[in-house]
Amino acid sequence: MTQTVAIVGSGPAGFYAAEALLNADATVQVDMYERLPVPFGLVRYGVAPDHQKLKSVTAVFETTAAHSDFQFMGNVTVGEDVTVHELTAAYDAVIIATGAISDRKLKIPGEDLPGSVSATEFVSWYNGHPDFRDHSFDLSHPNVVVVGNGNVALDVSRILAKTPQELAVSDICEHALEALSASQVTDIIVVGRRGPLQASFSIRELREFSMLSDVEPVFDPAEIDAAGATPEELKDAARMIGILKGFAHPDAPRTASRRVHFRFLLSPVEIQGKDATEAVVLSRCTLEGPAFERRARSTQDRETIPAGLVLRSVGYRGRPLCGVPFDDAAGVVPSQQGRVTGTQGQPIDKLYTAGWIRRGPSGIIGTNRECASETAEAVLADLAASEAPCDPALRSKLLVRLDAGTSAKIDLAGWHRIDQIERMAGEARGKPREKLTSVPEMLTAAAAL
């Protein structure tokens, strides 16, 4: 007997869960619900436009989507067009895979000034997310401060630093390319609370700054000494240190139009400005704790950096979904081995979770496969043990209602028409694709013959 599973979210975790379910011995029908007309979530709207190799994972997702027991349900918002209660009533299992789509705040004075925004917003803007396409950013000031030492912080810094010619061959959206081409930014200052040895960005991401055509990465080796690293820590981070030491010294004459400054042991304490962001005040930090477990402690020593734009990249968190338990402190759906749990730790019948909404924003895209596979194993085990499978008529009735609803449901064929139009528009511009950036545009393209 065919059992049915609904997956909420079409990012990596959702597709990896679908892959595991469809490749299992059991016969499972998977319906994937996505509030936008297009799939792939983080890969489409989070991966940097100049990192096309990372986006090639969508070929794996397309293989999963081509399975005869898979159905894409685009432009359907769970919580509005259909409730979680309706899904659990109509399906044998429901997997929540909505990702971590909100940013963490700095919680400092002035953070809400115009010009102080999350890196999430900036990334979504240049990647053409419909919710952010009309946002604007002040690129008229020479300085931008990026708060954070992860790969996303380096992504936004690199996009800000690249020349229009370098950006034009990526799949960056046209509205962002136009704005960045007129940018007057000359200095991007990347700041982190801890030392260079504790930075969480990858060596690959850091090395890229040495390969840009008109960008000079800058680092003061004295910051290594200031961090008070042990010989063991220095040995462990030897490659990272080697790359940083290869960057220009801050006191050296400029050799490029733009500089990216890598600063450490600095923590923002205030964003200043009358009507908009004008400067960020940072506290100098010291490190305490044993080797490889260093923690930053703020001091009373201050440094002020003028800036017209401050991008915070200090972590992500999930958003609650009505009908699903949520741990607000951790920003995740509480679970055990993928099974959603209630306030007393008890499993919630038919509810499961996978990806960042389950474990928090950690790892790379591929990390979601192991996480999603564990969730799929829990689903399959529970389905095999179930003595009362869901009546297939309930799912059929729900799908009929959604087809008759006010929102146009986009299936896989509709997505493929959108994909084709985007690729053709991109080819005309010498780039991988030119994304459609509004839902009405997507719906029109999906309906094209």
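The structure displayed is predicted, hence computed values, not measured ones. (Residues numbered from 1 in each chain as written. Predicted model: local features only at pLDDT ≥ 70, side-chain atom pairs only at ≥ 80, totals over all residues. Heavy atoms only, no water.)

**Overview of the packing of helix 17 (residues 412-428) against helix 18 (residues 439-447)**
Any two packed helices are characterised by the angle at which their axes cross and by the distance between the axes.
Next, step 1: Contact pair helix 17 / helix 18: the axes reach a minimum separation of 7 Å and the direction vectors enclose 105°. Here helix 17 lies roughly perpendicular to helix 18, going by the angle between them. Side by side, helix 17 and helix 18 meet where Gly414, Arg417, Ile418 and Ile421 of the first sit next to Met442, Ala445, Ala446 and Ala447 of the second.
Next, step 2: Counted by class, the contact of helix 17 with helix 18 contains six nonpolar, one polar and one charged residues. (Axes fitted to C-alpha atoms, helices over the stretch in contact; angles between N-to-C directions. Helix = DSSP H or I, 4+ residues; strand = E, 2+ residues; numbered from the N terminus. Parallel < 35°, antiparallel > 145°, perpendicular 65-115°, else oblique. Contact = heavy atoms within 4.5 Å. Nonpolar A, V, L, I, M, F, W, Y, C, P; charged D, E, K, R; others polar.)

**What to know about the sheet that holds strand 12 (residues 279-288)**
Next, step 1: Taken together, the three strands give an open sheet; going across it, the order is 11-12-13, and neighbouring strands pair in antiparallel fashion. The open sheet is flanked by strand 11 (266-272) and strand 13 (295-306), the only strands paired with a single partner. Across this sheet, the average inter-strand angle for adjacent strands is 25°, counted without regard to direction.
Next, step 2: Two elements, strand 12 and strand 13, share nine bridges in a ladder whose sense is antiparallel. Counted as the bridge partner of Thr286 is Arg297 from strand 13. (Pairing = 2+ DSSP bridges.)

**Some thoughts on the pattern of salt bridges**
Next, step 1: Across all of its chains, the model carries 34 salt bridges by this definition.
Next, step 2: The closest approach of N and O atoms between Glu19 and Arg369, which form a salt bridge, is 2.7 Å. Here Arg369 lies in helix 15 (residues 367-385) and Glu19 lies in helix 1 (residues 12-22), a separation of 350 residues in the sequence.
Next, step 3: A relative accessible area of 16% means that Glu19 is categorised as buried.
Next, step 4: Note on Arg369: relative accessible area 34%, which makes it partly exposed.
Next, step 5: A salt bridge links Arg433 to Asp419; the shortest N-O distance between them is 2.7 Å. (Salt bridge = Lys/Arg side-chain N within 4 Å of Asp/Glu carboxyl O. Buried < 20%, exposed > 50% of the residue type's maximum accessible area, 1.4 Å probe, protein only.)

**Some points on the packing of aromatic side chains**
Next, step 1: As enumerated under the stated definition, the model contains 16 aromatic pairs in all.
Next, step 2: Ring geometry for Tyr16 versus Phe61: centroids 5.3 Å apart, planes at 80°, classification edge-to-face. Residue Tyr16 is located in helix 1, and its partner Phe61 is located in helix 4 (residues 58-65); the two are separated by 45 residues in the primary sequence. Grouping residues by exposure puts Tyr16 and Phe61 together as buried. (Phe/Tyr/Trp six-rings, centres within 6.5 Å; stacked < 30°, edge-to-face > 60°.)

**Considering the sheet that holds strand 16 (residues 335-336)**
Next, step 1: In space, the seven strands of this open sheet follow the order 3-2-1-4-18-17-16, with mixed pairing throughout. Of all the strands in the sheet, just strand 3 (70-74) and strand 16 have a single pairing partner and so form its edges.
Next, step 2: One ladder, built from four bridges, connects strand 1 (residues 3-8) with strand 4 (residues 93-96); its direction is parallel. Note that in strand 4 the partner of Ala6 across the bridge is Val94.
Next, step 3: In the packing of helix 1 onto the sheet, the strands contacted are strand 1, strand 2 (28-34), strand 3 and strand 4, and the crossing angle to strand 2 comes to about 170°.
Next, step 4: Sitting on the sheet, helix 15 touches strand 1, strand 2, strand 4, strand 17 (339-341) and strand 18 (347-353), and the angle it makes with strand 18 is about 145°.

**Brief notes about the side chain of Thr163**
Next, step 1: Secondary-structure assignment places Thr163 in the loop between helix 7 (151-161) and helix 8 (164-168).
Next, step 2: Setting aside residues up to four positions removed in sequence, Thr163 forms contacts with Ser213 and Asp214.

**Observations concerning the pairing of strand 9 (residues 215-218)**
Next, step 1: Here strand 9 shows a buried face lined by Val215 and Pro217 and a second buried face lined by Glu216 and Val218.
Next, step 2: As judged from the four bridges shared by strand 9 and strand 10 (residues 258-263), these two strands associate in the parallel manner. Its bridge partner being in strand 10, Glu216 is matched across the sheet by Arg259.

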